[in-house]
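These are the residues of each chain, in order.
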Amino acid sequence: MKETFRMCFVLTVIGAACAALMAFVNAQTKEPIERNAGGQKLDAVSAVMPPSDNDVAADTLVLNDGTRDVKFHRGTKNGVPVGAAFAVVAPDGYSGDIEILVGVDTAGAVTGLTVLKHLETPGLGSKIETPEFRDQYLGKSVRDPETWSVAKDGGVFKQITGATISSRAVTNAVAAGLAFFEAHKAEVLGGAPATAPSGGGGK
Amino acid sequence: MEERLPDAGPKAPGTKEKTEEPIARFLVSSSPHVHEGIRIRSVMGLVIVALLPASVFSIYLFGLPALFTILVSVASAAGFEWLWQKVVRRPGTAGDLSAVLTGLLLALNLPAGSPWWLILVGNLFAIVVAKQLYGGIGYNIFNPALVGRVVLLVAFPVHMTSRWISPSAWGMDAVTTATPLGRAREALLATGSVDAALTRNEAIDLLIGNRAGSLGEVSVILLLIGGIFLLAKRVITWHAPVAFIGSVWAMAGIFHLANPARFADPSFHVLTGGLFLGAFFMATDYVTTPLAPAGKIVFGIGCGVVTVVIRLFGSYPEGVSFGILLMNAFTPLIDRAFKPAVFGARRAKTA
Amino acid sequence: MGAGREFAKGLWSENPIFRVVLGLCPTLAVTTSAQNGVGMGIAATFVLLCSNVIISVLRSFIPRKIRIPAYIVIIATFVTVVDLVMNAYFNPLHKALGIFIPLIVVNCIIMGRAEAFASKNGVLYSLLDGLGMGIGFTISLVAIASIRELLGNGTIFGAAVMGSSYVPFMLLILPPGAFILLGTMLGAMNRVEIALARRAGRAPSIRKEHDCASCAIFAGWSNAADKIKALEEAGR
């Protein structure tokens, strides 16, 4: 009986002391962690979009493009739309779907692009994640260049050596996404369509 | 001869040895391997001879780059074997030609015109990592040449999958092109259907080897001739190759019947890629595949199934080497399930 | 004499990764870059140091029957502290190491030192033991990670050092490369130990289960002799 009591007592003391230590550290680190976490949540979306000051994670609009729902995140600054971000899916990658997050400004030019998910061959198709490949889409919009295709098919985008299929799939998916955005620009940017017409926000 | 039962044979029931410790055997055999090198050499020699038609033809097709690849690969394989035995001071088995065969097989698994360093890294892994670190010939679990190939495929995918030279004798105006399997995948993704329904001419092209690919996989006919030669010489048995090729054909056939637009017809799968090379020359390796006939059949079917699954659904176009390596890992289990006849017993009966 | 030895044994003779072969999960998983290796090493060292000291202080206070839950609570607390602090102030590194920070809780090295050393020794020795083990772990991690990063990516601590014509040996960055490299390094370390022991005229301190004769692969591979026999049979 005495031994049992002692064991309970020791564990309780240790547990309480540990809890106190953790509570203290938690209180100390709470604020910076929240700051980091907040940044992380919006990382992907806000990284591809022009700088905005609204809650881009919450300000969304879902449209159906005929085969699937596209979720647009809208970015505004001082209440004026500055751009949007949306995910496109390339069904024709080398292996499985490729999910790409595309950011655009109000003129429809690409401001950022990041690969969310893919199953391409490591070292070949997986290079669609590299900045060298992604950055060539920056500033491009649905009518500039004229034809959205990789160099091998006569276009302006350089395909990855050994991974033409992946490069082609990304290019086509981004082009389709931009066209869809263009067609629904007013709806997506919403609220303040007056600032939307070409030349409004872009280059 | 019959008296000297192999040390691995069953212990006489009366002996009071600790059967608990199979390990003890390995302690004993861990350093000098005394085996009859001359016999191993003659087997290896026959396999090399069987590979010669396909090798010579690849040189005819791809020109000097192919010759370069074969020479560098064979020389470096033999070199690494010799060097390793020098370093660990183990009596030489370099003379048994098994390293030469590994080098040749690896060369036949590479694209013509591979850079020298690629060939060297491949052979380093084949000979040192896959073979010698496991204890040398007889103890390696995985086919050394295939380990070399897969290491290169994973480490240098660009060099291994996108620099195929299309056949144009002596490599003067060689252009890079896709292999038939690569083209089929590309057509499927671009148009939604495999453009690989074999016409008679294409089938003949595949048979005689008028296509892009690694050195040894291009000519199905010459590989088949080599395989039949080995069968006739009784170096290999029919079980593993037939089960392997048959299961690829059957499985590809099932998928093709289910959806002809998405999956190419089975003959295409049988004639392309490294299937014949793998089935006759690697799925029949003595050391890394099961000993008993039933085990060989299980092994072959396993190889075939994995190959087709990777070709149709994987992120690599070709699955033969992965299929064989995966089944290599299962070989000890298969051997346990299908006990091979004790060697010596058969001979004793006939004597 | 004792103090220096307790510290130094973690560096070589009882190195947690290469000699005792513990903590392999983080060793294989996070060593894709030298920076990750340093981060993981420091985090584990901190936990090891704190838990060793506290457990040593409390060693007569904790009844034997409940020592394991008590140790776990103490270790888990320090892991949580490290996790929170890294999340707050070293966020990119925290993200790179991911789940392996919380998993320090179940890292055998820490529990192992608590049970085998700190619960039986004084505070000073336990502190030195934890520090030595932690530094040994860190050095080993950084050694593995540097080789993987250098050959697999052509960089060290993110700085390109191999020149532009170097073709990265990607295998080493991928999981199979971690196993192959670790195995090769373990073998080389045993080799060095054997040579050192021979020179010093003592028996090499290689645990029985770490030499090739005890390897499960070989034990399962009892057909090797049959295979050679079959090969020779065919050559008749």
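Residues numbered from 1 in each chain as written. Chains lettered and ligands numbered in written order. Predicted model: local features only at pLDDT ≥ 70, side-chain atom pairs only at ≥ 80, totals over all residues. Heavy atoms only, no water.

Concerning the overall build of chain A
And then number 1: Scanning chain A for helices and strands turns up 4 helices and 5 strands.
And then number 2: Starting at the N terminus and ending at the C terminus, chain A contains elements arranged as α-β-β-β-β-β-α-α-α.
And then number 3: A globule of 203 residues ought to have a C-alpha radius of gyration of about 17 Å, yet chain A, at 24 Å, is considerably larger.
And then number 4: Considering only contacts within chain A whose residues lie at least 6 apart along the sequence, 50% involve residues at least 24 apart.
And then number 5: One way to put it: in chain A the 19 positive side-chain charges average out to a point 5 Å from where the 22 negative ones average out. (Helix = DSSP H or I, 4+ residues; strand = E, 2+ residues; numbered from the N terminus. Rg over C-alpha atoms; globule rule 2.2 N^0.38 Å. Contact = heavy atoms within 4.5 Å. Lys, Arg positive; Asp, Glu negative; His and termini not counted. Charge placed at Lys NZ, Arg CZ, Asp CG, Glu CD.)

Looking at the side chain of C:Arg113
Residues and elements named next belong to chain C.
And then number 1: The topology assignment puts Arg113 in helix α6 (residues 108–118).
And then number 2: Judged by its relative accessible area of 13%, Arg113 falls in the buried class.
And then number 3: In this structure, Arg113 is in contact with Lys9, Glu14, Leu48, Asn52, Ala118, Asp129 and Met133, ignoring residues within four places of it in sequence. (Buried < 20%, exposed > 50% of the residue type's maximum accessible area, 1.4 Å probe, protein only.)

Quick word on empty space enclosed by the protein
Residues and elements named next belong to chain B.
And then number 1: For the structure on display, the rule yields 4 cavities of 30 Å³ or more.
And then number 2: Contributing to the lining of the largest cavity are 23 residues, with Met44, Leu101, Leu105, Asp285 and Tyr286 lying nearest its centre.
And then number 3: Looking at the lining of the largest cavity, the elements with two or more residues in it are α2 (37–62), α4 (98–108), α6 (144–155) and α13 (275–281).
And then number 4: By residue number, the principal contributor to the lining of the largest cavity is α4, which donates 4 residues.
And then number 5: Each residue belonging to the lining of the largest cavity can be placed in one class, and the counts come to 16 nonpolar, 5 polar and 2 charged. (1 Å grid on protein atoms, 1.4 Å probe; cavity = no way out; pocket = protein on both sides within 12 Å on 5 of 7 lines; lining within 4 Å. Points joined across faces, edges and corners; volume = space filled by probe spheres on them. Nonpolar A, V, L, I, M, F, W, Y, C, P; charged D, E, K, R; others polar.)

Focus: the sheet that holds strand β3 (residues 80–90) of chain A
Remark on secondary structure: sheet strands pair via backbone hydrogen bonds, oriented parallel or antiparallel.
Residues and elements named next belong to chain A.
And then number 1: Within the open sheet, the 5 strands sit side by side as β1-β2-β3-β4-β5. Their pairing is antiparallel. One side of each edge strand has no neighbouring strand; the edge strands of this open sheet are β1 (60–64) and β5 (110–117). Direction aside, neighbouring strands of the sheet carry axes that sit 25° apart on average.
And then number 2: Relative to β5, strand β4 (residues 98–105) is paired through 6 bridges, and the arrangement is antiparallel. Note on β5: the bridge partner recorded for Leu101 is Thr114. (Pairing = 2+ DSSP bridges. Axes fitted to C-alpha atoms, helices over the stretch in contact; angles between N-to-C directions.)

Some thoughts on the interface of chain A and chain C
And then number 1: With 22 residues of chain A in contact, the opposing surface of chain C contributes 23 residues.
And then number 2: The contact between chain A and chain C buries some 1900 Å² in all, and 77% of this surface belongs to carbon and sulfur atoms.
And then number 3: If you look at where chain A meets chain C, you find 1 salt bridge.
And then number 4: A salt bridge links C:Lys65 to A:Glu3; the shortest N-O distance between them is 3.5 Å.
And then number 5: By residue class, the composition of the side of chain A that touches chain C is 12 nonpolar, 7 polar and 3 charged. (Buried area = accessible area lost by both parts, 1.4 Å probe. Salt bridge = Lys/Arg side-chain N within 4 Å of Asp/Glu carboxyl O.)

Some details on the pattern of salt bridges
And then number 1: According to the stated counting rule, one finds 14 salt bridges over all chains in the structure shown.
And then number 2: A salt bridge links A:Arg74 to A:Asp59, with the nearest nitrogen and oxygen atoms 3.1 Å apart. Residue A:Arg74 is located in strand β2 (residues 69–77), and its partner A:Asp59 is located in the loop between α1 (2–48) and β1; the two are separated by 15 residues in the primary sequence.
And then number 3: When the shortest N-O distance is used, the salt bridge between A:Arg168 and A:Asp153 registers 2.8 Å. With a gap of 15 residues between them, A:Arg168 in helix α3 (residues 164–183) and A:Asp153 in the loop between α2 (131–134) and α3 connect regions that are remote in the sequence.
And then number 4: When its relative accessible area of 19% is taken as the criterion, A:Arg168 is described as buried.
And then number 5: Among the charged side chains, a salt-bridge network with shared partners connects C:Glu6, C:Lys9, C:Arg113 and C:Asp129.

Describing the state of the cysteines
And then number 1: Tallying each qualifying case throughout the model produces 0 disulfides over all chains.
And then number 2: C:Cys108 forms no disulfide, and the closest cysteine sulfur to it belongs to C:Cys25, at a distance of 9.1 Å. (Disulfide = S-S within 2.5 Å.)

Regarding the side chain of A:Gln136
Residues and elements named next belong to chain A.
And then number 1: Relative to the assigned elements, Gln136 resides in the loop between α2 and α3.
And then number 2: Engagement of the side chain of Gln136 in a polar contact is seen with the backbone oxygen of Phe133, the distance being 3.3 Å.
And then number 3: Among the polar contacts made by the side chain of Gln136, one reaches the main-chain amide nitrogen of Lys158 at a distance of 2.8 Å.
And then number 4: Once residues lying within four places of it in the same chain are set aside, the contact partners of Gln136 are Val156, Phe157 and Lys158. (Polar contact = N/O pair within 3.5 Å; in protein donor to acceptor, adjacent residues only side chain to side chain.)

Points about the pairing of β2(A)
All names here are of chain A.
And then number 1: With 5 bridges joining them, β1 and β2 adopt antiparallel strand pairing. Bridge pairing in β2 places Leu63 opposite Val70.
And then number 2: With 6 bridges joining them, β2 and β3 adopt antiparallel strand pairing. For Lys77, the partnering residue across the bridge sits in β3 and is Val80.
And then number 3: If you look at the hairpin formed by β2 and β3, you'll find 2 residues sitting between the two strands, and Asn78 has a positive phi there, around 50°.

Quick notes on the confidence of the model for chain B
All names here are of chain B.
And then number 1: Overall, the predicted model of chain B reaches an average pLDDT of 78, with 71% of residues at or above 70.
And then number 2: In this model, residues 1–34 is a region of pLDDT below 50 whose contacts with residues beyond four sequence positions or in other chains number 29 contacts.
And then number 3: Counting contacts from residues 344–351, a segment whose pLDDT is below 50, to residues more than four positions away or on other chains yields 5 contacts.
And then number 4: Scored as a complex, the prediction yields pTM 0.77 and ipTM 0.80. (pLDDT = per-residue confidence, 0-100.)

Some remarks on unusual backbone geometry
And then number 1: Even without being glycine, A:Asn78 reaches a positive phi, approximately 50°.
And then number 2: According to the relative accessible area criterion, A:Asn78 is exposed, its value standing at 69%.
And then number 3: In this model, C:Phe157 sits at a positive phi of 50°, which is unusual for a non-glycine residue.
And then number 4: Relative to the helices and strands, C:Phe157 resides in the loop between β1 (155–156) and β2 (159–160).

Remarks on the packing of helix α11 (residues 239–258) of chain B against helix α14 (residues 293–313) of chain B
All names here are of chain B.
And then number 1: Look at α11 against α14: their axes get within 7 Å of each other, and the N-to-C directions meet at 35°. The handedness of the crossing between α11 and α14 comes out as right-handed.
And then number 2: Residues that form the contact of α11 with α14 fall into these classes: 16 nonpolar, 5 polar and 1 charged. (Left-handed = near helix turned anticlockwise from the far one by under 90°.)

Details of the nonpolar core
And then number 1: B:Leu51, B:Phe244 and B:Phe281 are the most contacted members of the largest nonpolar core, which totals 133 residues.
And then number 2: If you tally residues by element for this core, the top one is α2(B), at 12 residues.
And then number 3: When residues of this core are assigned to domains, at least three map to each of domain 1 (3–194) and domain 2 (211–236) of chain C.
And then number 4: Setting aside residues up to four positions removed in sequence, B:Leu51 forms contacts with B:Leu101, B:Leu104, B:Leu105, B:Leu108, B:Leu277 and B:Phe281.
And then number 5: Membership of the second largest hydrophobic core comes to 33 residues, among which are A:Phe86, A:Ile98, A:Ile100 and A:Phe157. (Core = buried A, V, L, I, M, F, W, Y, C linked by side-chain atoms within 4.5 Å. Domains from an automatic or database assignment.)

Quick notes on a nonpolar patch on the surface
Residue and element names in this part refer to chain B.
And then number 1: Together, Trp238, Val242, Ile297, Ile301, Val305, Val309 and Phe313 give the surface a local cluster of nonpolar side chains, amounting to about 570 Å² of exposed area.
And then number 2: Inspection of the secondary structure puts Trp238 in the loop between α10 (220–232) and α11.
And then number 3: Note on Trp238: relative accessible area 46%, which makes it partly exposed. (Patch = residues over 30% accessible without salt bridge, like charges linked within 9 Å, V, L, I, M, F, W, Y side chains within 5 Å. Areas by Shrake-Rupley, 256 points an atom, 1.4 Å probe, with all protein chains shown as cover.)

Side note on the packing of aromatic side chains
Residue and element names in this part refer to chain A.
And then number 1: Counted according to the given criterion, the structure contains 18 aromatic pairs over all chains.
And then number 2: Pairing Tyr137 with Phe157 gives two aromatic rings, centres 4.6 Å apart and planes at 20°, and the pair type is stacked. With Tyr137 in the loop between α2 and α3 and Phe157 in the loop between α2 and α3, this residue pair connects regions lying 20 residues apart in the sequence. Both residues of the pair, Tyr137 and Phe157, count as buried.
And then number 3: Among the aromatic residues, those joined into a cluster by ring pairs are Phe72, Phe86, Phe180 and Phe181. (Phe/Tyr/Trp six-rings, centres within 6.5 Å; stacked < 30°, edge-to-face > 60°.)

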